[in-house]
Amino acid sequence: FFGDGISTMSRVAFSIGESGFTDFTYPDGQDPGHPTLFPLIYAVLWKLFGKSLAISHGFNFLFGIGIISIVFKWMEAETNRSNAIIAVLLLMLTPLFLAQTAMLNTHLPLTFFTLYLAYSLKRHNKYHALFAATMLPLTHLQGLFYLAAVVIWWFFVQLKNRDWKFRVVKTFKLLIIPAILFAGWLLYHYQMKGWL
């Protein structure tokens, strides 16, 4: 772990494990208020397989594979297989993707869930979209911004031929579970730390 991964993942994952999985918040004096779902996952993986960077990188690598898969499927659906292969190869060479894949923080999961949400909405797969929409705000506070951006795109671009009532109802259905779970995190955090 290095960079943001120390403060947003490693310290809190160790803290969760050391608490015996009874406290899911950041250590005192180091709490930015982010949801701790991914540090919890790391803590569980370390409990099961040992505290190893190989385990941590293996888990993170799954999100890189997921991003490549989504980009390939989306490009293949929009253009053709050759263009999809080229797109994936270009993606794998970009410094941002390489850095996100190498670093153990929430950037790669945020990218994955953002693409997963947009692709699921475009393909009209409501259950996958609901899952991705739920995961974004539970991954990191920045996930709220990504969720808002994708939902605004969906509302105005993908649903543009529908009436306003239909759009509002669809958006409400998409956002109600993520909103409830994020509110649950805020309540838990407030009870544990005394601030939002």
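Above this note sits the structure.
Residues numbered from 1 in each chain as written. Predicted model: local features only at pLDDT ≥ 70, side-chain atom pairs only at ≥ 80, totals over all residues. Heavy atoms only, no water.

Chemist: Sorry, what's going on with unusual backbone geometry here?
Modeler: Apart from glycine, the bulk of residues carry a negative phi angle, and the bulk of peptide bonds sit in the trans form. Not every positive phi belongs to a glycine, and F21 is a case in point at roughly 60°. Even without being glycine, H124 reaches a positive phi, approximately 60°. As for its position among the elements, H124 is in the loop between α6 (107-122) and α7 (126-139). (Helix = DSSP H or I, 4+ residues; strand = E, 2+ residues; numbered from the N terminus.)

Chemist: Explanation requested: helix α2 (residues 37-49) in the structure shown.
Modeler: In an α-helix, one turn spans 3.6 residues, which is why side chains three or four residues apart end up on the same side. An ideal rise of 1.5 Å per residue puts 18 Å on 13 residues; α2 measures up with 18 Å between its terminal C-alpha atoms. Buried residues of α2: F38, P39, Y42, A43, L45 and W46, and no others. The arc that holds every buried residue of α2, seen down its axis, measures 165°, which confines them to one face. Facing away from the buried side of α2 by more than 90 degrees, the exposed set consists of K47 and L48. Check the buried side of α2 and you find it contacts α1 (4-18), α3 (53-78), α6 and α7. Phi turns positive, to about 95°, at G50, one or two residues after α2. (Expected span 1.5 Å × (residues − 1). Buried < 20%, exposed > 50% of the residue type's maximum accessible area, 1.4 Å probe, protein only. Arc of directions from axis to C-beta. Contact = heavy atoms within 4.5 Å.)

Chemist: For this particular structure, what's the right way to read the packing of aromatic side chains?
Modeler: What describes a pair of aromatic rings is the distance from one ring centre to the other and the angle between the planes of the rings. All chains considered together, the criterion is met by 19 aromatic pairs. Plain terms: the ring middles of F14 and W46 are 4.9 Å apart, the flat faces sit at 45° to each other, and that makes the pair tilted. On the criterion of sequence distance, the pair formed by F14 in helix α1 and W46 in helix α2 is long-range, its members being 32 residues apart. Residue class for W46 comes out buried when judged on its relative accessible area of 6%. Their ring planes at 70° and their centres at 5.6 Å tell us that F63 and F112 sit as a pair that is edge-to-face. Of this pair, F63 sits in helix α3 while F112 sits in helix α6; the two residues are 49 residues apart in sequence, bridging distant segments of the chain. A residue is classified by how much of its surface remains accessible, and F63, at 10% relative accessible area, is buried. One aromatic cluster is present, built from ring pairs that chain together F14, F38, Y42, W46, F59, F63, F112, F113, Y116 and F131. Lying across the ring of F155, R167 places its NZ or CZ 5.4 Å from the centre. Note that R167 overlies the ring of W164, its terminal NZ or CZ placed 4.7 Å from the centroid. (Phe/Tyr/Trp six-rings, centres within 6.5 Å; stacked < 30°, edge-to-face > 60°. Lys NZ or Arg CZ within 6 Å of the ring centre and 35° of its normal.)

Chemist: Would you explain a nonpolar patch on the surface in this entry?
Modeler: Where nonpolar side chains cluster on the molecular surface, the patch consists of F172, I176, I177, I180 and L181 and spans about 450 Å² of accessible area. Structurally, L181 is set in helix α9 (residues 164-193). In this structure L181 comes out as partly exposed when scored by relative accessible area, which is 40%. (Patch = residues over 30% accessible without salt bridge, like charges linked within 9 Å, V, L, I, M, F, W, Y side chains within 5 Å. Areas by Shrake-Rupley, 256 points an atom, 1.4 Å probe, with all protein chains shown as cover. Salt bridge = Lys/Arg side-chain N within 4 Å of Asp/Glu carboxyl O.)

Chemist: In this structure, what is going on with a positive patch on the surface? I would like to understand it.
Modeler: On the surface, K126, R162, K170 and K173 cluster together into a patch of positive charge. Considering the arrangement of structural elements, one finds K170 in helix α9. With relative accessibility at 32%, the residue K170 sits in the partly exposed group. (Lys, Arg positive; Asp, Glu negative; His and termini not counted. Charge placed at Lys NZ, Arg CZ, Asp CG, Glu CD.)

By themselves, these observations are geometric and do not establish any function.
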